[in-house]
Number of protein chains: 4
Amino acid sequence: MRTFVLLLQCQDQKGIVASISNFILKHQGNIVTADQHSTDPQGGYFFIRIEFILDKDQYSRQDLVSAFAPIAKEFDAEWNFYDLAQTLRMGIFVSEPDHCLVDLLYLWNAGELKVKIPFVLSNDEKHRKVVSAYNIPFYYVPSDKNNRRESELLSYASNSSDFLVLARYMLVLSPDFLEKYNKDIINIHHGFLPFFKGVDPAATALKEGVKVIGATAHFVNNELDEGPIIAQEVQNVSHKDSRDDLVRKGKNLEKRALGSAVSSYIDYRIIKHEDKTIVF
Amino acid sequence: MRTFVLLLQCQDQKGIVASISNFILKHQGNIVTADQHSTDPQGGYFFIRIEFILDKDQYSRQDLVSAFAPIAKEFDAEWNFYDLAQTLRMGIFVSEPDHCLVDLLYLWNAGELKVKIPFVLSNDEKHRKVVSAYNIPFYYVPSDKNNRRESELLSYASNSSDFLVLARYMLVLSPDFLEKYNKDIINIHHGFLPFFKGVDPAATALKEGVKVIGATAHFVNNELDEGPIIAQEVQNVSHKDSRDDLVRKGKNLEKRALGSAVSSYIDYRIIKHEDKTIVF
Amino acid sequence: MRTFVLLLQCQDQKGIVASISNFILKHQGNIVTADQHSTDPQGGYFFIRIEFILDKDQYSRQDLVSAFAPIAKEFDAEWNFYDLAQTLRMGIFVSEPDHCLVDLLYLWNAGELKVKIPFVLSNDEKHRKVVSAYNIPFYYVPSDKNNRRESELLSYASNSSDFLVLARYMLVLSPDFLEKYNKDIINIHHGFLPFFKGVDPAATALKEGVKVIGATAHFVNNELDEGPIIAQEVQNVSHKDSRDDLVRKGKNLEKRALGSAVSSYIDYRIIKHEDKTIVF
Amino acid sequence: MRTFVLLLQCQDQKGIVASISNFILKHQGNIVTADQHSTDPQGGYFFIRIEFILDKDQYSRQDLVSAFAPIAKEFDAEWNFYDLAQTLRMGIFVSEPDHCLVDLLYLWNAGELKVKIPFVLSNDEKHRKVVSAYNIPFYYVPSDKNNRRESELLSYASNSSDFLVLARYMLVLSPDFLEKYNKDIINIHHGFLPFFKGVDPAATALKEGVKVIGATAHFVNNELDEGPIIAQEVQNVSHKDSRDDLVRKGKNLEKRALGSAVSSYIDYRIIKHEDKTIVF
């Protein structure tokens, strides 16, 4: 018994769900969950995530892909099948702050985050100990290596990982790196995007006297702190909160937003569309 | 162009979604949204809500019902079609506290709650003024009339309303009334069910020193404060909150929980199953 | 028995609390609640709110002011005493959207907002009916009157009100008006300040694909949407939320943020300091 | 420069704040923060927490205690001074689930929880590795030792710790143990007290179909899951949440509620009164 996920997006039109569900039925599948969304049933854009089980092992993911291709072509859709038995490999980049790293390692170790972690890479040597305790390879790449640094990052990341998480990695990745890596990268931002960009949101929050702070997990694109938002967490604050309090509360928000985003990602619950996300 | 909703529940089995979506396609319909849930894809129970538009007026709700009946029989399903153009008639019962009544009337008048309100019925004469200002019939039924009271309630409610909302109606409705009315009744409870039952949750909250309070909107069944929960709202409280503060904060929670529950109900987003609800 | 509030701010220094509490004791007062805050106990700025009761009517607010003046001078403080028995007069300006207006009128009528409402002023004639039903004077001032309009606003507001609430008043008040009115004005903004400024935060939210929306109640100063923030409310949203949904959810946030801000204001719980607020 | 906290409770009466602030001024202290609460300014009960700094080291905690004793006697108060430089020793008891343990260790190691951890004690040998990695003594006490077990617990805990945290310790401590240990014990309960008592709140939540779940940190007294509530965290759930989801979400709530409660405790922000807490 195997579980697959189909993610598909296309112009909204009649018969999409019928075609997909007939396809699954024909392969003796049973739908576990289905979520769909249309920006407008007349002339809008359509998104669907279907999770289904096949009783027997007679069809591989590749079989499904081949059989579905002509159907998808009819609807002019972007789509893919994912085999939930194939555990994704999540590479982690991290700088000095360790709260997100430790949280991800804990969730992974406790079986709550079903990924493989091929490596943790940092410009801070101090994380070696905790990472090595989990028998995960640790790569130290100092921040001053410039171009050589990025090619080193790439050599570590590109073959061994299916996606990257920047668990508070403070160095900007170049467009060249992003293009060559060419897979999804999830970043956690310590502020409430699309605002509070840049390096010190706590100071900004303090200066503006806001009564709520936030954290944002998002995909990385070429613009710093600009990619599609996946998850946001917020918390009330007040005049009582010092800079330290804001940072501490922010850390909790970051852990929650990043954990939630990664969890959605590895369950194939996220569809990217026009710089935004559908998170089912 | 008309919009319909199909709600259906049955034992989970293969082919349900395919059958339904083929049925819709055959009627030249386009699915707007679909939500489904299975308690267990193998041997569990299956629930689905599908909202779809038919381009032409050639099929009535009755046509759909007749055509779908044999399909539903195959799956041994409970099901119904709803025509979203048919506005539901919401009768309101209310006692002394007016916050939920006023909120419902406002939402209705502002077009945010698409219902008809055939009447407001109360054991408190004071609401007549505000209700009448909206040109809604107001029925005053004092609380001391006992059996005669309930038959009077029934005479007002049973033919004119599709469902009832108890917007803080403090009198218990008898099993006999419930049986004779025989349609859905939504109650708002000023506490966090399944606990804080009974008449004074604020006092209980105060006595127990809780740090969070809640309100619960639920369907009414024969047991007081016991029917399936639809929506719950919560808020932090502290030692600073006096009894008055708890009551005031509770009122806001009640308005939000009741508004949310009624909104889900009239959009046919709620499926009842085994004393619980699926709220899509 | 009368209840007074002292609000005071000054450079932090030793002996402030001792001086204040000795002063209250000397007048046979009993402290009900006291809240204080220091930005830094060494060289920072100090804020205090003390609410106290005097058993007898022998001291008026003016007596307290006269007796306290020399003490306050010692600390070089900004300060004032407020008599909680003196109900504040809250003028309301409102444009087309009525949700905040209706909510304020309800809270006032239910005794949950202890203010007087000397008038409601609008550039939309449609509110006359609901306002008049409460026997509150309603002034209609069309938006096209330019300079004459503002002098008319001023003539209505300046003597009759102690503070103004802009309950979704969409017309910008000129610096001249603000200077001549010269009392506090509370505005509700339908977005998460200091961002989402301007006229259509829902559209911005939709475009940016945020997962959380907010509303902000703040004091008005010369910059549009720029004054000190008093209260912010937030709520999760998702791709499912249409523009209408965002507006509807936003309205609830606006009501809650504005209600909370006005409530803090009339209890003298707010101290303004350097474009920010301390809200005790 | 040293920072002290005074916690005091007594019948509300005039002059308490004046006496305390004069006392602090006389010792050349400067108040950092002060929080107070009265259940009723006339005949109620009064609580205060004052944090103050003394510029010089000329007064020890014992000096303050001796000098304040006659003042406190006047008001018939319960009270104590605490020296914030004296780090509290927090013993940890834990059973199989490790999420709270790992979170406390992380917060402690990151300097966010300023305590000493003299030991971790468990009836599960598996925690030895992670605890030892932090160079914290680990004691394994199997659950089947009955009376001998408790005397062993006591021998480990009573002299080395100032308070205990039950970070998901599933064994009930006997009244005899509680009496002999005779210091504060903080427990985390995986449900929304005063309800959801007992062993499996997730199952109860699932069965009742609630839409919100909670976790509660509270002091331990003789009744199981009955002591004064310190902190509660809540989260929305829905029909989509499986038992595993509820457990996982519950774990996050437990970590947050316990972390918050311990943080308040070590800052001396909690006053116990009549089976409830004042948390400043």
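Residues numbered from 1 in each chain as written. Chains lettered and ligands numbered in written order. Predicted model: local features only at pLDDT ≥ 70, side-chain atom pairs only at ≥ 80, totals over all residues. Heavy atoms only, no water.

**Things to note about the overall build of chain A**
- Within chain A, the secondary structure is distributed over eight helices and 13 strands.
- Rg of the C-alpha trace for chain A: 21 Å, near the compact-globule value of 19 Å for 280 residues, within the 12% margin.
- Overall, the C-alpha framework of chain A stretches about 60 × 40 × 35 Å when taken along its three principal axes.
- Across the 280 residues that make up chain A, the buried fraction comes to 56%.
- Split by element, the accessible area of chain A, about 11,700 Å² in all, is 46% carbon and sulfur. (Helix = DSSP H or I, 4+ residues; strand = E, 2+ residues; numbered from the N terminus. Rg over C-alpha atoms; globule rule 2.2 N^0.38 Å. Buried < 20%, exposed > 50% of the residue type's maximum accessible area, 1.4 Å probe, protein only. Areas by Shrake-Rupley, 256 points an atom, 1.4 Å probe, with all protein chains shown as cover.)

**A short note on the sheet that holds strand β10 (residues 212-219) of chain B**
All names here are of chain B.
- In spatial order, the strands read β7-β6-β5-β8-β9-β10-β11; together these seven strands make up an open sheet with mixed pairing. Both edges of this open sheet fall to β7 (138-140) and β11 (229-236), since each of them pairs with a single strand only. Neighbouring strand axes in the sheet, compared pairwise and without regard to direction, differ in orientation by 15° on average.
- As defined by bridge partners, strand β6 (residues 120-122) adjoins β7 across three bridges and the pair is classed as parallel. Paired with V120 across the bridge in β7 is F138.
- Across the face of the sheet, helix α8 (residues 243-266) comes into contact with β5 (90-94), β8 (163-166), β9 (185-189), β10 and β11 while running at roughly 30° to β10. (Pairing = 2+ DSSP bridges. Axes fitted to C-alpha atoms, helices over the stretch in contact; angles between N-to-C directions. Contact = heavy atoms within 4.5 Å.)

**Here we look at the sheet that holds strand β11 (residues 229-236) of chain A**
All names here are of chain A.
- The strand order β7-β6-β5-β8-β9-β10-β11 describes an open sheet built from seven strands, whose pairing is mixed. Since the sheet does not close on itself, it has two edges, and those belong to β7 (138-140) and β11, each with one partner. The mean angle between the axes of side-by-side strands here comes to 15°, regardless of whether they run parallel or antiparallel.
- Of the strand pairs in this sheet, strand β9 (residues 185-189) and strand β10 (residues 212-219) are connected by four bridges, and their pairing is antiparallel. Bridge assignment links H189 to a residue of β10, and that residue is T216.

**Comments concerning the interface of chain A and chain C**
- Facing the 25 residues of chain A at the interface are 25 residues of chain C.
- Here chain A and chain C share an interface that buries about 2,300 Å² over both sides, 67% of which is from carbon and sulfur atoms.
- Counting across the chain A and chain C interface gives twelve residue pairs in polar contact (both at pLDDT 80 or more).
- Those elements that provide at least two residues to the side of chain A that touches chain C are α7 (201-208), β11 and β13 (276-279) of chain A.
- Classifying every residue of the side of chain A that touches chain C gives 15 nonpolar, five polar and five charged. (Buried area = accessible area lost by both parts, 1.4 Å probe. Polar contact = N/O pair within 3.5 Å; in protein donor to acceptor, adjacent residues only side chain to side chain. Nonpolar A, V, L, I, M, F, W, Y, C, P; charged D, E, K, R; others polar.)

**Describing the relation of the copies chain A and chain C**
- Of the two same-sequence chains, chain A is brought onto chain C (RMSD 0.0 Å, axial shift 0.0 Å) by a rotation of 180°. Taken together, the rotation and translation describe the operation of a two-fold axis.
- The residues that chain A uses at the interface reappear at the interface of chain C in 100% of cases, marking a shared surface. (Least-squares fit on C-alpha atoms with pLDDT ≥ 70 in both.)

**Examining the pairing of strand β2 (residues 29-38) of chain D**
Residue and element names in this part refer to chain D.
- By the criterion of burial, β2 is predominantly enclosed, with nine of the ten residues buried.
- Sheet analysis places β2 next to strand β3 (residues 45-54), joined by nine bridges and oriented antiparallel. For T33, the partnering residue across the bridge sits in β3 and is E51.
- The turn joining β2 and β3, which pair antiparallel and follow one another in sequence, is formed by six residues; a positive phi near 90° is taken by G43.

**Side note on the relation of the copies chain C and chain B**
- Least-squares fitting of chain C to chain B yields an RMSD of 0.0 Å, with the superposition described by an axial translation of 0.0 Å and a rotation of 180°.
- In this assembly the copies share their binding face: 100% of the residues contributing to the interface of chain C also contribute to that of chain B.

So, to be careful, I would describe these as geometric facts and stop short of saying anything about function.
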